[in-house]
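The primary structure of each chain is shown beneath.
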Amino acid sequence: MDDVVAPVALEAVRRRGPERLPGEPRAVGYLFVAPAFLIYAAFTLVPLLHAVNLSFFEWDGLTPGTFVGLRNYAAFFTDPLIRSSYGHTLVLIVFFSFLPITIGLLLAASLSRIRIRGLTFFRTILFVPVIITNVVVAVTWAWIYAPDGPLNAFLRAIGLGHVARAWLGDFTWALPSVGLVGTWGEFGFCMILFIAGIMKIPASLYEAARVDGAGPVREFLAVTLPGLRHELTVALVLTVIDALSTFDLVYVMTSGGPGTATSVPAFQVYSRAFLTNQVGSAAAIGITLMLIVFAVTFGITRLMERGEG
Amino acid sequence: MATVDFDHVTKRFGEVLALDDFTLHVEDGEFIVLVGPSGSGKTTALRLLAGLESLTAGSIRIGDRVVDRLAPRDRDIAMVFQDYALYPQMTVYENLAFGLKMRKTPKDEIRRRVLRAAEILGIGDLLDRKPRALSGGQRQRVALGRAIVRQPQVFLMDEPLSNLDAKLRAQTRSEIKRIQSEIGTTTVYVTHDQVEAMTMGDRIAVMNRGVLEQVGDPRTVYDEPANVFVAGFIGSPAMSFSRMRAERRDGTVALLRDGALLELPLPGGLPRLPDEVIVGVRPEHARLWREGVGLVGPIEGVVEYVEMLGRETFIGVAAAPEARFIVHADPDARGAPDEHVRFGLEPGRLYLFEPETERALGRV
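Residues numbered from 1 in each chain as written. Chains lettered and ligands numbered in written order. Predicted model: local features only at pLDDT ≥ 70, side-chain atom pairs only at ≥ 80, totals over all residues.

### Some thoughts on the overall build of chain B
So, step 1. Tallying secondary structure elements over chain B gives eight helices and 21 strands in all.
So, step 2. Dimensions of chain B, computed from the C-alpha atoms along their principal axes, are close to 75 × 45 × 35 Å.
So, step 3. Of all 364 residues assigned to chain B, the portion counted as buried reaches 41%. (Helix = DSSP H or I, 4+ residues; strand = E, 2+ residues; numbered from the N terminus. Buried ≥ 20, exposed ≤ 12 C-beta atoms within 10 Å, placed from the backbone.)

Shown next, in the form of structure tokens:
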């Protein structure tokens with residue numbers, strides 16, 4: 001009897017395919033994913049594919065377009081306006097990513113080390129910029145930066161009147177001015193992320209470092225920084241993406257000006273698609289930007305994981 | 001190497017009194033174990049010595065130096081943490097070298113000391129690995145090594161074996177003891193495990209609720225516990241306690257309860273007995289009843305459970321609702337729950353405690 005039963009049982013095992021946890025649903029899972037996927041497909045995938053298609057055409061948005069192959073992409077290397085927008089993005093990465101991460105690290109390290117009254121209050125205050133809508137932030141800062149705005153008034157009041165200028169109208173200072181708003185908006189996010197990360201580092205590691213003879217700086221380098229590897233990766237990825245895809249700050253504060261001094265790729269997408277009727281080119285810039293975001297994200301993640309060994 | 005002195009040390013965390021007027025002298029080169037249940041203040045005492053907490057009152061000396069206001073790094077101590085606290089991004093070598101690097105030890109000296117420590121601990125082939133690639137036992141060794149390379153005046157160990165499995169723990173126990181006696185560094189070792197305390201300590205300090213209950217060598221603490229807490233905490237299985245009426249008779253003392261009568265010779269030097277005492281009996285001094293083997297009793301009771309350990313068997317017996325005893329029996333002893341058994345106690349091995357203060361009165 002056994003001889004007969006055994007092969008059948010084996011067959012049954014074989015047919016079950018990849019092992020599932022007991023009680024886990026089968027393919028029925030796809031059914032649950034379907035609604036979300038349909039919405040995603042309708043509003044993201046289809047437009048994306050449509051944009052890819054558009055990027056191979058020269059089209060003004062009204063008359064029939066002409067197929068131009070990869071010419072819109074080639075503009076990435078030839079069109080000085082596109083190149084300069086990417087150049088501006090590199091500057092913005094410093095302001096949106098490196099500065100906030102550095103400030104966030106310093107704040108997190110000191111806020112979690114020092115015991116002061118009202119710590120939660122300070123944390124909250126420092127986090128507030130993160131939760132304010134970017135458009136509101138942009139309008140507020142445009143007012144602060146205005147020629148007769150509070151910043152210049154302050155500078156004049158402390159006798160630095162010669163430094164005062166139309167910050168957002170200045171070819172040299174417009175981009176850093178926009179960038180600093182990004183710094184202001186991002187550092188709180190980095191700080192909260194790092195504080196959470198530091199709280200996860202075992203207290204005994206800090207104590208071991210103190211017994212071993214490390215001062216605050218060595219302690220930071222030997223315990224805090226390595227312990228924040230994952231948080232640093234997340235912060236770097238998200239802030240760099242923010243920098244690459246900046247639009248609202250630029251749109252509200254400078255509209256890419258003066259001239260094209262603050263023009264960034266996302267703003268180029270907007271202005272070409274809706275202002276200058278170069279829809280194909282706009283699509284190509286958008287797709288390129290997306291690929292760059294993918295590549296940079298992938299690169300950062302790989303880089304940060306590599307050191308883990 | 002140095003002596004360590006806790007001088008009337010008190011530590012409060014807010015309302016909680018973690019350590020209460022703690023005074024302890026540790027000899028140069030001594031291995032002392034602070035043992036007690038959670039919340040007994042043992043870890044607090046160690047952390048105060050390390051400088052990881054601040055004193056509320058009292059003073060601590062390492063050698064001749066008062067260290068009350070010194071930062072941990074200036075106390076010349078090394079600490080082994082319960083979770084080992086190895087720097088995850090550093091290799092084993094870097095972990096061992098870190099403390100020396102912080103002290104600006106010359107590179108070749110660091111190398112010499114690290115290799116020497118690695119040799120003592122048998123981790124020479126792990127030096128290039130990162131902690132995550134090590135087993136629990138190996139991490140534990142690295143943590144020990146980090147203390148050894150420093151050549152400090154005092155080793156502080158905070159439950160360093162509690163994350164190891166039972167077998168490895170027993171093995172590492174004797175190894176730490178061996179290394180310590182080889183190196184001869186004064187060691188303060190904290191544990192909640194009384195077996196570790198008994199087997200490792202030159203002396204053990206039994207703590208409870210922030211108070212030092214008794215200090216002494218393991219034998220003395222085991223044989224002459226100062227009070228009910230120490231008697232119950234040290235020893236496994238634990239001592240059984242039972243309240244009994246005590247009557248001093250002519251040359252003997254009679255202990256009575258629920259119809260049981262134990263009449264024992266009264267040793268000299270036993271103070272006046274109160275009318276009621278707490279009687280403590282270690283399992284090995286309670287045996288199944290047989291005539292003519294010199295036991296006092298018999299006491300009757302109902303078997304509650306039987307624990308066969310292979311080499312021996314322990315039988316839990318309820319003689320009365322609040323008089324439970326653990327009785328030692330031969331490995332082949334049979335017994336089943338709810339059976340009635342009779343057992344006797346070894347004269348001279350009954351510990352008497354004052355019922356109010358729970359202090360030891362003596363043995364009968």
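### Describing the sheet that holds strand β3 (residues 31–35) of chain B
Residue and element names in this part refer to chain B.
So, step 1. Taken in spatial order, the six strands of this open sheet run β6-β7-β8-β3-β9-β10, and their pairing is mixed. The sheet terminates laterally at β6 (77–80) and β10 (211–216), the two strands that pair on one side only. For this sheet, the mean inter-axis angle between neighbouring strands, taken without regard to orientation, is 20 degrees. (Pairing = 2+ DSSP bridges. Axes fitted to C-alpha atoms, helices over the stretch in contact; angles between N-to-C directions.)

### Remarks on the pairing of strand β7 (residues 154–158) of chain B
All names here are of chain B.
So, step 1. Burial of β7 is extensive: five of the five residues sit out of reach of the surface.
So, step 2. With burial as the criterion, each face of β7 is covered, one bearing V154, L156 and D158 and the other bearing F155 and M157.
So, step 3. Where β6 and β7 come together, four bridges link them in parallel fashion. For A78, the partnering residue across the bridge sits in β7 and is F155.

### Comments concerning the domain arrangement of chain B
Many descriptions give the size of an interface as the accessible area lost when the pieces come together.
Residue and element names in this part refer to chain B.
So, step 1. What the domain assignment lists for chain B is domain 1 (4–232) and domain 2 (240–363).
So, step 2. A C-alpha centroid distance of 38 Å is found between domain 1 and domain 2.
So, step 3. In this assembly, seven residues from domain 1 lie in contact with eight residues from domain 2.
So, step 4. Looking at the side of domain 1 that touches domain 2, its residues break down into five nonpolar, two polar and no charged. (Domains from an automatic or database assignment. Contact = placed C-beta atoms within 7 Å. Nonpolar A, V, L, I, M, F, W, Y, C, P; charged D, E, K, R; others polar.)

### What to know about helix α3 (residues 107–121) of chain B
So, step 1. For α3(B), built from 15 residues, the straight-helix expectation of 21 Å at 1.5 Å per residue is met to within 8% by its first-to-last C-alpha distance of 21 Å.
So, step 2. Where α3(B) is buried, its residues contact α2 (92–102) and α4 (136–150) of chain B. (Expected span 1.5 Å × (residues − 1).)

### Brief notes about the interface of chain A and chain B
So, step 1. Contact with chain A, which involves 15 residues of that partner, is made by 18 residues of chain B.
So, step 2. Those elements that provide at least two residues to the side of chain A that touches chain B are α9 (203–212) and α10 (216–227) of chain A.
So, step 3. Among the elements that make up the side of chain A that touches chain B, the one with the highest residue count is α9(A) (seven residues).
So, step 4. Residues that form the side of chain A that touches chain B fall into these classes: eight nonpolar, three polar and four charged.

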